[in-house]
Amino acid sequence: MVLQETASAALVVLAGLVGLAVGSFLNVCSDRLPRGQSIIAVPSHCDSCGQPLAPWDLVPVLSFLWLRGQCRHCRARIPWRVPLVELATGILFAFVVFRYGITAQAGVLLPFVSVLVVVFVVDLEHSLILNKVIYPSMAVALVVAPWGPVGHGLSIQSAYLEVLKGVLVGGGAPFIIYLLARGGFGAGDVKLGSLLGLMMGFIPVIVTLQLSFLAGGMVAATLMVLRIRRRKDPIPFGPFLAGAGVAGLFWGHTIFRWYQGLFN
Ligand SMILES: [Zn+2]
């Protein structure tokens, strides 16, 4: 028993290390996809001076620390986002394997959270939700639905019914707001909401939408009170949807049950 626990602890650590490396790739995606650059054809380089990066400059988190957040050649600042994304992806991967083990469900969740990390960063930095991220992710989510969090314990038919309900709510609610609010809420949010519905199904996507509105409202209010932003300045909503989406994927049903408990 102890041996098995040690083995699974080793797997969780390994998943965390893989996550750090994947996070490094997600940084590259977040940098290049909004600019229309290839994410694989060009080797890693400094964005300021163009110098290619050596393998030891690419060690997740650590190279940022020993380079003190600067390019080795031109001393251009490396954004804090780089190690943070690596760390966050490492933690997410470790958590998925800790909770789901080496299962089909984990195999579906790992790419899902990776996509949400990229959506989070790109919308935060560029106020953009990219079709070239959302559409392929939708296609993949549709195909793998029966093996992912949606289809867990369900027949293939019921899994797709669940997906359908998820998309209708996940895309429908933002679409109504998009029509009513005229600005502030983009078509990208509608697509992202649909993707989330595809990924997690009916109940978790309701929870996700609620969490994102709650978090978005609180952050917007705080920024206004602190006078960091004025009422008219738009705040991208995608980061809230993506962040709440990660919570919805892991705890959607749990939060909903807790919710029901409050009202019963
Ligand atoms: Zn440089």
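The structure reproduced in this document is the subject of the present report. Since the model is a prediction, treat every value here as computed from it, not as a measurement. The numbering scheme is per chain: residues are counted from 1 as the chain's sequence reads. Under the rules for a predicted model, residues below a pLDDT of 70 receive no local features and side-chain atom pairs below 80 are neither given nor counted, while totals for whole chains, interfaces and linings still include all residues. Computation of side-chain values covers all heavy atoms of the structure but excludes hydrogens and water.

Observations regarding the overall build of the chain
A helix here means a DSSP run of H or I that spans at least four residues, while a strand means a run of E at least two residues long, and both kinds are numbered starting from the N terminus. Looking only at helices and strands, the chain has 9 helices and 0 strands in total. Counting helices and strands in the order they occur from the N terminus, the chain gives α-α-α-α-α-α-α-α-α. Radius of gyration (C-alpha) of the chain: 20 Å, near the 18 Å computed for a compact globule of 264 residues. Considering the chain as a whole, with its 264 residues, one finds that 42% of them fall into the buried category. In the chain, the proportion of contacts linking residues at least 24 apart, taken out of those at least 6 apart, comes to 67%. Throughout, the Shrake-Rupley method with a 1.4 Å probe supplies accessible areas, and for residues the shown protein chains are the sole cover considered. When the accessible surface of the chain is summed, it comes to about 14600 Å², and 69% of that surface belongs to carbon and sulfur atoms. Positive charges come from Lys and Arg, negative ones from Asp and Glu, while His and the chain ends are left out of the count. Here the site of a charge means atom NZ of a Lys, CZ of an Arg, CG of an Asp or CD of a Glu. Of the charged side chains in the chain, 18 are positive and 10 negative; the average position of the first set lies 7 Å away from that of the second. For the radius of gyration, the atom set is restricted to C-alpha positions; the globular benchmark scales as 2.2 Å times the number of residues to the power 0.38. Between buried and exposed lies partly exposed: a residue is buried under 20% and exposed over 50% of the maximum accessible area for its type, with that area taken using a 1.4 Å probe on protein chains only. The contact rule is simple, with two residues in contact once any of their heavy atoms fall within 4.5 Å.

Points about the coordination of the zinc ion
Only nitrogen, oxygen and sulfur atoms qualify as donors, and only when within 2.8 Å of the metal (3.2 Å in the case of Na, K and Ca); with water excluded, sites may look incomplete. Coordination sphere of the zinc ion, protein contribution only: Cys46 (SG), Cys49 (SG), Cys71 (SG) and Cys74 (SG), at 2.2 to 2.3 Å. One can describe the site at the zinc ion as tetrahedral: its 4 donor atoms subtend angles covering 106 to 115° at the metal. Accessibility expressed as a relative area gives 9% for Cys46, which makes it buried. Here the metal geometry follows the donor angles, with tetrahedral for four donors whose angles all fall between 85 and 135 degrees, square planar for four and octahedral for six when opposite donors are more than 155 degrees apart and every other angle is between 65 and 115, and irregular for all the rest.

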